[in-house]
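# Fold and geometry: a report
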Amino acid sequence: MTHLSSINEQIESDPNDEFCSTQEDSYRNLRLQSFVDRYGIEEEQISSIDRAKRYVRKKYSSLTIECCLNAFLNKIPLIRCLYEYNIRKNLFGDIMAGITIAIMHIPQGMAYGTLTTLPPVHGLYISFFPVILYMIFGTSPHLSIGTFAVISLMTAQAIDSVSLQPMNLIMSNESISNATDSLIIDTKVNIATTLALLVGLIQILLSFLRLGFLTVYLTEPFISGFTTGAAFHVFTSQIPSVFGLKSPRGVHGPFKLLRIYIKLFRSLFSNINWISTAVAFISIIVLYIAKYFNDRYKSKIRIILPSELLLIIVGTTISHFTQFHSTYGVSVVGEIKRGLPPPSLPSFNNANQLIVPAITIAAVSLSISISMAKTLSRKHSYKVSSNQELLAYGMANGISSFFQCYPSAGSLSRSVVQEGSGGKTVLVNGFSSLLLGSVLIALTPLFRSLPMACLAAIIIVNLKGLFLQLKDFLLYFRISTLECILWTMTFVSVVLFDVDIGLYVGICTSFIINTVRTQKPRFFILGQVDNTGIYKSTTYFPSVQQYSNIKILRFDESLYACNAPFFKRKFYDLIGIQLTQQPIISCGKNKNNNNNQKKLIYKYVILECSPFNYIDTVGVKLLIQIFNDLKKRGITLYLSECRYEVRHTLDSMKFYEKTEFHIIYVTTHDAVMSALICLLTRVHFTRNAIGSSKLAGRFFA
């Protein structure tokens, strides 16, 4: 306030009012137009057509054969990886990580393959073909592409949702059950491969349209709530295999999980297979203990204990020699095809019924995979391109569909292991595929006696990480109410209804929350920090200085049509002007409000526009309306710290012609000081006028 006092003293001591005009002119020079005229540049005014021609000319002037070749090579990151590969530094770590991930792929691939209601070998195909393709087109050396529980579950639901008319026709004849089973499997495989192709085409299309930024709208609270809710569906789908029961069929709609558990409970005591139950519970306990020690000592032991692979080997051996299937009726994997499948074109008979599931799976898989890839890239300081990742996922799903593969995605558990086991480049996927290809060619028939209870145990134990995401509810509850609502709505809708319904509810909730955040942002009253040019919120900094006739406001969002009504209502409310109609019969409270309103009228209102990234036509018209309304009330509106984009829109809307030319200032402090000078000048003129009137009165007296 020292500067203000000195200004006041000089005004009092200047009888010719020269200081008033000098100070006013000096602060007038700090108005935005004067600042732009002095320091800015004059932008060339060209038409939209000329601007487009200039852009095309600029792009095609540098279009050479070398540029085209580099652009093509950049779409295949493996080439750059091989070109820059350091054998001494990276080879050993990549080989060890590849072997470790392949060991995880074998049991998880078979387990998640059964989750899709397809034969387990198709899960091994997912662990082989998409991994090779991601090695060619992907950019993250630590992301493990392949089977994922949630995507496998969504694939199973997409398969069940398709009307299988040929299958229903043959099932009416009970005398040819073997042919029926074979036809059912072939039909399901055709549906799954068609689904994978559609998912791949959608992701490739998004990549070419450069729409990778859309994944930011699938936020972490949404993904966490969705995958946590889907984990309950995955867990429920494995209960029949644990107890040796038949899976309930035809259960859809609201409260699906509850009705499934009711059916399972009714058949549990009469149809339970105690051997299968014992195998499942022993496997779960063994896997849990092994994973506990792996997590505890992973920093000391570089190679983790392959507990899942050991479980499959031991379980298959015991089942084979004790004849679990024939003697005790334990469900086993059965015959598995040896070798790699020949390429074949997916069938498009059910493509129209798979469009919606394909869009859903494409959105979920790319959001989960990209979020994991970016998390790992931030940890290790390398770049991941969303559009290139979209291309990699699309190529992995699209081309793999010709080899009897269903949709794939990144796995969090395998990615963490791949990162911690020493992998440095995408060649980890190549070494993993070499080992897995050897298993497919030579060893798959050995797993025909593997109990399904062992695969169910592998799935259930691997759901631990998803179930632990329940803690995210408390995290979001402490940090943000809106994010907590998003997590809760997504999770509850997935659990109570179904995975696809939960996805749509979560996306709609996310959209509503983002809309609410922009429609009703924070609106603050600002004050000056001591004798500085810094202005802070009076809410969080109560000690800041406020001036009696000046109100400084800040709207923490861009001004556009959706939040314009809120802006207007809140703006007038903060300066003490009530826009609501007065009641016909006024009460004591309303009288007090009217008196307060008269007292709280300000002479100057300064709106800090630094949070405005843009302003639309509705926002400009609203500012013009507010300016003219305040002018009628004897209040002057100033704007400060407007960005170029905002000023450009104001110019286009002829804002200055409809208001005044000099109402925008470079900084908020400039606007405040200009308002103070004007206020003090008015006070000085008023005093001089009163003194002159008194002298005139004495003279005529």
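Quick look at the structure, then. If you're wondering where the values come from, they're calculated on a predicted model, not measured in any experiment.

Cut-offs used in this document
Residues numbered from 1 in each chain as written. Predicted model: local features only at pLDDT ≥ 70, side-chain atom pairs only at ≥ 80, totals over all residues. Heavy atoms only, no water. Helix = DSSP H or I, 4+ residues; strand = E, 2+ residues; numbered from the N terminus. Buried < 20%, exposed > 50% of the residue type's maximum accessible area, 1.4 Å probe, protein only. Pairing = 2+ DSSP bridges. Contact = heavy atoms within 4.5 Å. Axes fitted to C-alpha atoms, helices over the stretch in contact; angles between N-to-C directions.

### What to know about unusual backbone geometry
- You will see that T117, though not glycine, has its phi angle at about 70°, which is positive.
- Residue placement: T117 occurs in the loop between helix 7 (87-115) and helix 8 (121-126).
- Exposure remark for T117: the relative accessible area of 26% places this residue in the partly exposed category.
- Here the phi dihedral of R210 falls at roughly 55°; this positive angle occurs in a residue that is not glycine.
- Mapping R210 onto the fold places it in the loop between helix 12 (177-208) and helix 13 (220-243).

### Some points on the sheet that holds strand 7 (residues 636-640)
- Across the sheet, 6 strands lie side by side as 4-3-5-6-7-8; this open sheet has mixed pairing. Since the sheet does not close on itself, it has two edges, and those belong to strand 4 (535-537) and strand 8 (664-665), each with one partner.
- Here 3 bridges tie strand 3 (residues 523-528) to strand 4, and the two strands are oriented antiparallel to one another. In the sheet register, G527 faces strand 4, and the bridge partner there is K536.
- Docked against the sheet, helix 29 (residues 617-632) engages strand 6 (604-608) and strand 7, running at close to 145° with respect to strand 7.

### A look at the environment of K291
- Mapped onto the fold, K291 is located in helix 15 (residues 274-296).
- A relative accessible area of 22% means that K291 is categorised as partly exposed.
- For K291 and L305, which are 14 residues apart along the polypeptide, the C-alpha to C-alpha distance reads 8.2 Å.
- Other than its neighbours up to four places away in sequence, K291 contacts S307, E308, V461 and N462.

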